[in-house]
Amino acid sequence: MRFAAQTYGFAMVVCYRSEDNTWLAVKEVAVKGGGYWLPGGGVDIGESFEEAAVRETKEEAGIDVRLHGVLGVQHSPRNEMARMHVFFFGRPLDPKQNPKSTPDAESECAKWLTFDELRKLPARGDELLTWIRYLKEGHPVRPLTV
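Everything numeric in this text was worked out from a predicted model, so none of it was measured. (Residues numbered from 1 in each chain as written. Predicted model: local features only at pLDDT ≥ 70, side-chain atom pairs only at ≥ 80, totals over all residues. Heavy atoms only, no water.)

1. Some remarks on the layout of surface pockets
Picture a little ball the size of a water molecule; that probe, rolled over the atoms, points out where space is still empty. Its boundaries defined by the atoms lining it, the largest pocket holds a volume of some 180 Å³. Among the elements that line the lining of the largest pocket, the one with the most residues is strand β4 (residues 40-42), at three residues. A class-by-class count of the residues in the lining of the largest pocket yields three nonpolar, five polar and seven charged. (1 Å grid on protein atoms, 1.4 Å probe; cavity = no way out; pocket = protein on both sides within 12 Å on 5 of 7 lines; lining within 4 Å. Points joined across faces, edges and corners; volume = space filled by probe spheres on them. Helix = DSSP H or I, 4+ residues; strand = E, 2+ residues; numbered from the N terminus. Nonpolar A, V, L, I, M, F, W, Y, C, P; charged D, E, K, R; others polar.)

Below is the structure:
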(Lines give C-alpha, C1' and ligand atoms only; values in the text may rest on other atoms or scores of the structure.)
Protein backbone atom coordinates (compact mmCIF):
# COMPACT_ATOMS: atom_id res chain seq x y z
CA MET A 1 0.00 0.00 0.00
CA ARG A 2 1.26 3.49 -0.88
CA PHE A 3 0.60 6.62 1.09
CA ALA A 4 1.09 10.19 -0.05
CA ALA A 5 3.85 11.99 1.80
CA GLN A 6 2.92 15.20 3.57
CA THR A 7 4.40 18.02 1.49
CA TYR A 8 5.50 21.33 2.97
CA GLY A 9 5.61 24.24 0.51
CA PHE A 10 8.14 27.06 0.53
CA ALA A 11 8.13 30.16 -1.68
CA MET A 12 11.45 31.94 -2.25
CA VAL A 13 12.14 35.18 -4.15
CA VAL A 14 15.22 36.29 -6.06
CA CYS A 15 14.55 40.02 -6.14
CA TYR A 16 16.53 42.33 -8.45
CA ARG A 17 16.72 46.13 -8.44
CA SER A 18 17.96 47.20 -11.87
CA GLU A 19 18.42 50.86 -10.90
CA ASP A 20 21.67 50.01 -9.10
CA ASN A 21 22.22 46.38 -10.12
CA THR A 22 21.56 45.01 -6.62
CA TRP A 23 19.88 41.93 -5.18
CA LEU A 24 17.74 41.64 -2.06
CA ALA A 25 19.28 39.54 0.71
CA VAL A 26 17.86 38.77 4.14
CA LYS A 27 20.07 38.24 7.18
CA GLU A 28 18.45 35.29 8.90
CA VAL A 29 18.02 35.10 12.66
CA ALA A 30 20.42 32.68 14.37
CA VAL A 31 17.61 30.18 15.08
CA LYS A 32 17.08 29.81 11.31
CA GLY A 33 20.79 29.31 10.67
CA GLY A 34 22.04 32.89 10.41
CA GLY A 35 23.78 34.21 7.33
CA TYR A 36 22.29 35.88 4.28
CA TRP A 37 19.68 34.17 2.16
CA LEU A 38 16.67 34.66 -0.07
CA PRO A 39 13.53 36.24 1.29
CA GLY A 40 10.87 33.56 1.55
CA GLY A 41 9.30 30.94 3.72
CA GLY A 42 6.46 28.55 4.28
CA VAL A 43 3.21 28.56 2.36
CA ASP A 44 0.25 28.87 4.72
CA ILE A 45 -2.88 26.71 4.42
CA GLY A 46 -5.13 28.14 1.73
CA GLU A 47 -2.38 30.36 0.32
CA SER A 48 -0.84 30.05 -3.15
CA PHE A 49 2.92 29.90 -3.67
CA GLU A 50 2.73 33.35 -5.32
CA GLU A 51 0.84 34.85 -2.37
CA ALA A 52 3.34 33.34 0.07
CA ALA A 53 6.28 34.75 -1.92
CA VAL A 54 4.88 38.28 -1.81
CA ARG A 55 3.93 38.00 1.89
CA GLU A 56 7.24 36.49 2.99
CA THR A 57 9.28 39.11 1.09
CA LYS A 58 7.37 41.84 2.92
CA GLU A 59 7.68 40.10 6.32
CA GLU A 60 11.36 39.18 6.06
CA ALA A 61 12.72 42.07 4.00
CA GLY A 62 10.16 44.87 4.33
CA ILE A 63 9.91 45.12 0.53
CA ASP A 64 6.75 45.04 -1.58
CA VAL A 65 7.56 42.88 -4.58
CA ARG A 66 6.04 42.10 -7.97
CA LEU A 67 6.68 38.58 -9.20
CA HIS A 68 7.76 38.30 -12.85
CA GLY A 69 8.15 34.56 -13.21
CA VAL A 70 9.38 31.23 -11.91
CA LEU A 71 13.05 30.28 -11.89
CA GLY A 72 12.62 26.70 -10.74
CA VAL A 73 10.92 24.16 -8.54
CA GLN A 74 12.69 21.73 -6.22
CA HIS A 75 10.96 18.72 -4.71
CA SER A 76 12.84 17.00 -1.89
CA PRO A 77 11.20 13.80 -0.63
CA ARG A 78 12.36 12.50 2.74
CA ASN A 79 10.97 9.34 4.29
CA GLU A 80 7.38 10.22 5.23
CA MET A 81 7.39 13.89 4.24
CA ALA A 82 8.56 16.11 1.41
CA ARG A 83 9.47 19.73 0.78
CA MET A 84 8.66 21.70 -2.33
CA HIS A 85 10.48 24.98 -2.97
CA VAL A 86 9.31 27.33 -5.72
CA PHE A 87 11.88 29.98 -6.65
CA PHE A 88 10.43 33.18 -8.12
CA PHE A 89 12.04 36.14 -9.86
CA GLY A 90 10.76 39.49 -8.66
CA ARG A 91 11.39 43.21 -8.66
CA PRO A 92 10.48 45.80 -6.03
CA LEU A 93 7.25 47.71 -6.63
CA ASP A 94 9.06 50.82 -5.41
CA PRO A 95 12.83 50.78 -6.01
CA LYS A 96 13.24 53.53 -3.38
CA GLN A 97 11.54 51.50 -0.62
CA ASN A 98 14.05 50.84 2.16
CA PRO A 99 14.50 47.27 3.34
CA LYS A 100 13.81 46.25 6.91
CA SER A 101 16.45 47.29 9.44
CA THR A 102 14.87 46.29 12.78
CA PRO A 103 15.38 42.68 13.89
CA ASP A 104 12.37 40.52 14.71
CA ALA A 105 11.43 36.82 14.70
CA GLU A 106 11.44 36.76 10.86
CA SER A 107 14.93 38.17 10.20
CA GLU A 108 17.64 40.45 11.54
CA CYS A 109 17.58 42.81 8.56
CA ALA A 110 17.59 42.95 4.77
CA LYS A 111 19.90 44.72 2.33
CA TRP A 112 20.25 45.52 -1.35
CA LEU A 113 23.69 44.17 -2.31
CA THR A 114 25.72 43.72 -5.46
CA PHE A 115 26.73 40.23 -6.54
CA ASP A 116 30.33 40.91 -5.44
CA GLU A 117 29.18 42.12 -2.02
CA LEU A 118 27.00 39.02 -1.59
CA ARG A 119 29.91 36.71 -2.41
CA LYS A 120 31.86 38.12 0.56
CA LEU A 121 29.12 37.67 3.18
CA PRO A 122 28.34 34.55 5.21
CA ALA A 123 25.45 32.74 3.52
CA ARG A 124 22.86 30.35 4.92
CA GLY A 125 22.96 28.41 1.66
CA ASP A 126 24.13 28.74 -1.92
CA GLU A 127 20.69 29.28 -3.52
CA LEU A 128 20.87 33.08 -3.78
CA LEU A 129 24.23 33.14 -5.57
CA THR A 130 23.27 30.13 -7.69
CA TRP A 131 20.08 31.80 -8.97
CA ILE A 132 21.85 35.13 -9.57
CA ARG A 133 24.47 33.32 -11.68
CA TYR A 134 21.64 31.55 -13.52
CA LEU A 135 20.07 34.91 -14.41
CA LYS A 136 23.39 36.58 -15.28
CA GLU A 137 24.10 33.73 -17.72
CA GLY A 138 20.87 34.55 -19.55
CA HIS A 139 18.82 31.52 -18.55
CA PRO A 140 15.03 31.88 -18.82
CA VAL A 141 12.52 33.13 -16.31
CA ARG A 142 9.44 31.01 -16.83
CA PRO A 143 5.90 32.48 -16.76
CA LEU A 144 3.90 32.47 -13.54
CA THR A 145 1.14 30.46 -15.24
CA VAL A 146 1.54 27.41 -17.41
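Past the structure itself, the notes keep going.
2. A few points about the confidence of the model for the protein
On average, residues of the protein score 92 in pLDDT, and 95% of them are at 70 or above. Ranking the elements of the protein by mean pLDDT puts strand β3 (residues 36-37) last with 92 and helix α1 (residues 49-61) first with 97. (pLDDT = per-residue confidence, 0-100.)

3. Structural notes on unusual backbone geometry
Residue N21 is not a glycine yet carries a positive backbone phi of 60°. Looking at the element boundaries, N21 is found in the loop between β1 (6-17) and β2 (22-27).

4. Structural notes on the pairing of strand β5 (residues 65-78)
In this structure, β5 lies alongside strand β6 (residues 81-92), joined through 12 bridges in antiparallel fashion. Within β6, the position partnered with R66 by the bridge is R91. Connecting β5 to the next strand, β6, in antiparallel fashion are two residues, including N79 with a positive phi near 40°. (Pairing = 2+ DSSP bridges.)

5. A short note on the pattern of salt bridges
All chains considered together, the criterion is met by 10 salt bridges. With a shortest N-O distance of 3.1 Å, R55 and E56 are connected by a salt bridge. Linking R55 and E59 is a salt bridge whose minimum nitrogen-to-oxygen distance equals 3.2 Å. Placement of the pair is R55 and E59 together in helix α1, with a separation of four residues, close to one helical turn. Three or more residues are tied together by salt bridges with common partners; here these are D44, E47, R55, E56 and E59. (Salt bridge = Lys/Arg side-chain N within 4 Å of Asp/Glu carboxyl O.)

6. Here we look at the nonpolar core
Residues V14, W23, L71, L118, I132 and L135 are the most contacted members of the largest nonpolar core, which totals 21 residues. If you list the elements that add at least two residues to this core, you get β1, β2, β3, β6, β7 (109-113), α2 (115-120) and α3 (127-136). Considering each element in turn, this core owes the most residues, six residues, to α3. Not counting residues within four places of it along the chain, the set of residues in contact with V14 comprises W23, L38, L71, F88, F89, G90, W131, I132 and L135. The next biggest cluster of nonpolar side chains, apart from the first, holds 16 residues, and it includes L24, I63, V65 and V70. (Core = buried A, V, L, I, M, F, W, Y, C linked by side-chain atoms within 4.5 Å. Buried < 20%, exposed > 50% of the residue type's maximum accessible area, 1.4 Å probe, protein only. Contact = heavy atoms within 4.5 Å.)

7. Considerations on empty space enclosed by the protein
Applying the stated criterion to the full structure yields one cavity of 30 Å³ or more. Approximately 50 Å³ is the volume attributed to the largest cavity. Surrounding the largest cavity, Y36, W37, L118, A123, G125, L128 and L129 form its lining. Among the secondary structure elements, those contributing two or more residues to the lining of the largest cavity are β3 and α3.

8. Overview of the packing of aromatic side chains
Tallied over the entire structure, the rule returns three aromatic pairs. Geometrically, the ring pair formed by Y16 and W23 is tilted, given 4.4 Å between the ring centres and 40° between the ring planes. As far as burial versus exposure is concerned, Y16 and W23 are alike and both buried. The interplanar angle of 75° and the centroid separation of 5.1 Å between the aromatic rings of W131 and Y134 together place this pair among those described as edge-to-face. Here W131 and its partner Y134 are both found in helix α3, three residues apart, which amounts to about one turn of the helix. (Phe/Tyr/Trp six-rings, centres within 6.5 Å; stacked < 30°, edge-to-face > 60°.)

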